[in-house]
Amino acid sequence: METGRQPFEQPGLGIGQRNASHTDLGESQLTRPPPQPLHQRLRIPEMPALLATMHPPILGSRTYTWPDEAACAAFAADVAAALARRPAPADAYIELRGPLGAGKTTFVRHLLRALGVVGRIKSPTYAVLEPYSLPGLNISHFDFYRFTDPREWADAGFRDLFAQPGLKLAEWPENAAAVLPPADLRLTIEPLDGEVREVRAEAATACGLALLP
Ligand SMILES: Nc1ncnc2c1ncn2[C@@H]1O[C@H](COP(=O)(O)OP(=O)(O)OP(=O)(O)O)[C@@H](O)[C@H]1O
Ligand SMILES: [Mg+2]
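Thresholds applied
Residues numbered from 1 in each chain as written. Chains lettered and ligands numbered in written order. Predicted model: local features only at pLDDT ≥ 70, side-chain atom pairs only at ≥ 80, totals over all residues. Heavy atoms only, no water. Donors = N, O, S within 2.8 Å, 3.2 Å for Na, K, Ca; no water. Helix = DSSP H or I, 4+ residues; strand = E, 2+ residues; numbered from the N terminus. Buried < 20%, exposed > 50% of the residue type's maximum accessible area, 1.4 Å probe, protein only. Pairing = 2+ DSSP bridges. Axes fitted to C-alpha atoms, helices over the stretch in contact; angles between N-to-C directions. Contact = heavy atoms within 4.5 Å. Phe/Tyr/Trp six-rings, centres within 6.5 Å; stacked < 30°, edge-to-face > 60°. Near = heavy atom within 4 Å. Areas by Shrake-Rupley, 256 points an atom, 1.4 Å probe, with all protein chains shown as cover. Nonpolar A, V, L, I, M, F, W, Y, C, P; charged D, E, K, R; others polar. Salt bridge = Lys/Arg side-chain N within 4 Å of Asp/Glu carboxyl O.

Draft legend 1. Representation of the coordination of the magnesium ion (ligand 2) within the structure. Taken together, T105 (OG1) and E171 (OE) make up the protein donors of the magnesium ion (ligand 2), found 2.0 to 2.1 Å from the metal. Within this pair, whereas T105 is found in helix α5 (residues 104-115), its partner E171 is found in strand β5 (residues 167-171), the two being separated by 66 residues in sequence. You'll find T105 and E171 in the same group, each marked buried.

Here is the structure:
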């Protein structure tokens, strides 16, 4: 087998020359080679690795103020209503950022209640995952605060969960950034005075955008 040759390689055809059989070639194809990716032109070898760690492009962002926990509950109820309007089976990944005690678990509790979860809603700080099952909707609530071994990602079945439709919610996603997929929606909760929280919502997909109140 002949090796080292690209399927469309044409000997003797240089830049600026035209292959007579390609009568529909545009102007740019006649005069310029295809553009090189930026990181090759800049000769920065680390660029692909750097790009992999960056947040995906943001489709839309909004900032909200929750004056108290009731406002957090109202926001969560709006997100639940938007989720219920999504085509079944609902499939969305929301990551929750913010310092200890910001209100990440509190938001998840209000969201799950609004979706119809009954019974105790535990913080998954020790178990990493608390799963819930509603008719037609599987929910996975993760807390990666104590997540230190990326092997657990596959071993505990987390990779499989993310490959299936369902609602995934993750606290402390920064601790599992190497294995987590990009989120549809990122909520960053910043505690201000007392119960006041400033919440920045960044949607990276149409699904994430559709969930925003
Ligand atoms: N506006 C608010 N929104 C959400 N929670 C609030 C608000 N005001 C007060 N709280 C209280 O703040 C606390 C937030 O705790 P929570 O466990 O939700 O934090 P967390 O962000 O999940 O922290 P951790 O990083 O430890 O998991 C709760 O006791 C909640 O009642
Ligand atoms: Mg929490």
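Further notes follow.
Draft legend 2. Highlighting the sheet that holds strand β7 (residues 197-203). The seven strands are arranged β1-β7-β6-β2-β5-β4-β3 in an open sheet whose pairing can be described as mixed. The open sheet has two edge strands, β1 (60-66) and β3 (129-134), and neither has a second partner. Sheet twist, expressed as the mean angle between neighbouring strand axes with direction ignored, is 15°. Bridge count for strand β2 (residues 92-97) against strand β6 (residues 185-191) is four bridges, and the pairing is parallel. Across the sheet, residue L96 finds its bridge partner in β6, namely L187. Here helix α4 (residues 69-85) sits on the sheet and contacts β1, β2, β5 and β6; the angle it forms with β1, its principal contact strand, is near 145°. Running at roughly 160° to β5, α5 makes contact with β1, β2, β3, β4 (137-143), β5 and β6 of the sheet.

Draft legend 3. View of the side chain of E202. Relative to the helices and strands, E202 is located in strand β7. When its relative accessible area of 13% is taken as the criterion, E202 is described as buried.

Draft legend 4. Representation of the packing of aromatic side chains in the model. Taken as a whole and assessed by the stated rule, the structure comprises 14 aromatic pairs. Ring geometry for F144 against F158: centres 6.4 Å apart, planes inclined by 75°, an arrangement best described as edge-to-face. Taken together, the positions of F144 in the loop between β4 and α6 (151-155) and F158 in helix α7 (residues 158-163) put the pair 14 residues apart, joining distant regions of the chain. We classify F144 as buried; its relative accessible area is 0%. Through successive ring pairs, a cluster of aromatic residues spans Y93, F142, F144, F147, W153, F158 and F162.

Draft legend 5. Up close: the pairing of β5. Counting buried positions over the five residues of β5 gives five, a clear majority of the element. The alternating pattern of β5 places L167, L169 and E171 and K168 and A170 on opposite faces, both of which are buried. Looking at chain direction, β2 and β5 are connected through five bridges and run parallel. Within the sheet, the bridge partner assigned to A92 lies in β5 and is L167. Where β4 and β5 come together, five bridges link them in parallel fashion. Directly across from H141, in β5, lies its bridge partner L169.

Draft legend 6. Representation of the site of ligand 1. If you check the shell around ligand 1, you find 17 residues, and the closest are E69, K104, T105, T106 and E195. With the chains in place, 76% of the 640 Å² that ligand 1 exposes on its own is no longer accessible. If you list the elements that add at least two residues to the shell around ligand 1, you get α4 and α5. Looking at the shell around ligand 1 element by element, the count peaks at three residues for α5. Here the residues of the shell around ligand 1 sort into six nonpolar, four polar and seven charged.

Draft legend 7. Local environment of the pattern of salt bridges. One pass over the full model with this rule turns up six salt bridges. The salt bridge involving D91 is made with K168; its shortest N-O contact spans 2.7 Å. With a gap of 77 residues between them, D91 in the loop between α4 and β2 and K168 in strand β5 connect regions that are remote in the sequence. Classification of D91 as partly exposed rests on a relative accessible area of 43%. You can call K168 buried: its relative accessible area is 3%. Taking the shortest distance from any N to any O, the salt bridge between E95 and R186 comes out at 2.6 Å.

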